[in-house]
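Each chain is listed here by its residues.
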Amino acid sequence: MLIVLSITTLLAAACGGGTANNAESKVVPASAGIDELVAAAKKEEQLTVYSAQDLTALNNLAKAFEAKYPGIDVKTVRGVDGDLGVKVETEFNTGKGIADMYVSASLSWVKPQAEAKRFLAPTGPELTGKGDYDAKQYVHDGNYFETNSAVLTFGWNTKLHSQGLTDYPDLLDPSLAGGKIGVIEPTAPSIVDFYLWLEETYGADFVKKLAAQKPRIYPSALPMGEAMQSGEIAAGSFVAPITLDPAKKKGAPVDYRMPPNGVWGARYYGMVLSTGPHPNAGQLFANFMVTAEGQKLITPSAGSVLPKVPGTVITNDKVRVQDPAKLTPEAVAAYQKKWKSLFQ
């Protein structure tokens, strides 16, 4: 049975230390094959996934996995990277794991954890180069792997802003001032990267000009898109085609466009966690996510790690890669402080 949980509060870091569960010794090796992995996963009966991916797509993926592998229940926890990363670190520090797999778009968080050897080596056939997934390209040192990518752009309410938008600078139209635009709060390094990309692409003062429009602030793309649909705002600077396309099909007065100078996106990175209590089920779910069936479910109107997946708009190799050197904890904190001084 699929259970969906919400992260509403930021967890405090654990005060004490801890040791990780010896999950690696419980994992069926890649050499054993998919049948043995499935059998071991079914013995564990369940798994928990933390993810920053789109909730609807994530739920669809989990339901399909449960149908394909009956007897394994999937619990999904969807939240922003800033919250989920703290939760995972708490589990690492205490050795009391809840999540078996985590998917994050914040490479600056993922890399240090990989260097600390906190992820299990992938064992599924796709992730070990025995399928269509390009493991050489997408599985990285430290045992994290690319699962798909989010593509974000600008959008508008067609009733409130009938002339539409052609590029990000159109958000600076005086008619959109005074709370008519939505912006995202940079709570995670991946969102700081979005603002850095805006400044690199449209000028160092673009974000300052955007702040001068006195926009409304949202925690993620999902509530921003919903606010645009309801008419709370006339335009959004960070909306996801993956959520707008279904709304458009149902008649919602929304539209979006891809900017002419390139699209900003965030590659998602998957990890099977060393503290996970159900490591084989985590491995099986990770493998399923990068199959053709899994990609069709997790990446509609977004980016895929496989070519020619119906409904996707781009492949991961064409999506911007974050530069961790520009997204150190100190750099992120400094940018967040600068951003708050502009927007609040």
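Residues numbered from 1 in each chain as written. Predicted model: local features only at pLDDT ≥ 70, side-chain atom pairs only at ≥ 80, totals over all residues. Heavy atoms only, no water.

1. Here we look at the pattern of salt bridges
- Enumeration according to the criterion identifies nine salt bridges in this entry.
- With a closest N to O distance of 3.2 Å, Glu146 and Arg267 form a salt bridge. One end of the pair, Glu146, is in strand S6 (residues 144-157); the other, Arg267, is in strand S11 (residues 264-272), and 121 residues separate them in sequence.
- In this structure, Asp317 and Lys318 form a salt bridge, with 3.7 Å as the shortest nitrogen-oxygen distance.
- According to the relative accessible area criterion, Asp317 is partly exposed, its value standing at 39%.
- In this structure, a network of salt bridges that share partners links the residues Asp193, Glu200, Arg320 and Lys326. (Salt bridge = Lys/Arg side-chain N within 4 Å of Asp/Glu carboxyl O. Helix = DSSP H or I, 4+ residues; strand = E, 2+ residues; numbered from the N terminus. Buried < 20%, exposed > 50% of the residue type's maximum accessible area, 1.4 Å probe, protein only.)

2. Remarks on the packing of aromatic side chains
- Here the structure, examined in full by the defined rule, presents 22 aromatic pairs.
- Seen in terms of ring centroids, Tyr133 and Tyr138 are 5.8 Å apart; in terms of plane orientation they differ by 40°. Their pairing is tilted.
- Since its relative accessible area comes to 3%, Tyr138 is described here as buried.
- Pairing Phe194 with Tyr195 gives two aromatic rings, centres 5.3 Å apart and planes at 65°, and the pair type is edge-to-face. (Phe/Tyr/Trp six-rings, centres within 6.5 Å; stacked < 30°, edge-to-face > 60°.)

3. Structural notes on the packing of helix H2 (residues 55-68) against helix H10 (residues 279-289)
- Packing of H2 against H10 brings their axes to within 11 Å, and their N-to-C directions diverge by 115°. Taken together, the axes of H2 and H10 are roughly perpendicular relative to one another. Where H2 crosses over H10, the handedness of that crossing is right-handed. Residue-level contacts link Leu61, Ala62, Ala64, Phe65 and Lys68 of H2 to Ala281, Leu284, Phe285, Phe288 and Met289 of H10.
- Class assignment of the residues belonging to the contact of H2 with H10 gives a composition of nine nonpolar, no polar and one charged. (Axes fitted to C-alpha atoms, helices over the stretch in contact; angles between N-to-C directions. Parallel < 35°, antiparallel > 145°, perpendicular 65-115°, else oblique. Left-handed = near helix turned anticlockwise from the far one by under 90°. Contact = heavy atoms within 4.5 Å. Nonpolar A, V, L, I, M, F, W, Y, C, P; charged D, E, K, R; others polar.)

4. Notes on helix H1 (residues 34-44)
- What H1 keeps buried is the set Leu37, Val38, Ala40, Ala41 and Glu44. Buried positions in H1, seen along its axis, are confined to an arc of 165° and lie on one side of it. Facing away from the buried side of H1 by over 90 degrees, the exposed positions are Asp35 and Lys43.
- Its buried side turned inward, H1 meets strand S2 (46-51) and H10.
- Phi for Glu45, located one or two positions after H1, is positive at around 70°. (Arc of directions from axis to C-beta.)

5. Description of the environment of Glu91
- Looking at where Glu91 falls in the secondary structure, it is placed in helix H3 (residues 81-94).
- Taking the C-alpha atoms as reference points, Glu91 and Ser104, separated by 13 residues in sequence, lie 16 Å from one another.
- Those residues in contact with Glu91 that sit more than four places away from it in its chain are Tyr50, Lys96, Gly97, Ile98, Ala99 and Thr275.
- Within the local environment of Glu91, its side chain forms a polar contact with the backbone nitrogen of Ile98, the two atoms lying 2.9 Å apart. (Polar contact = N/O pair within 3.5 Å; in protein donor to acceptor, adjacent residues only side chain to side chain.)

By themselves, these observations are geometric and do not establish any function.
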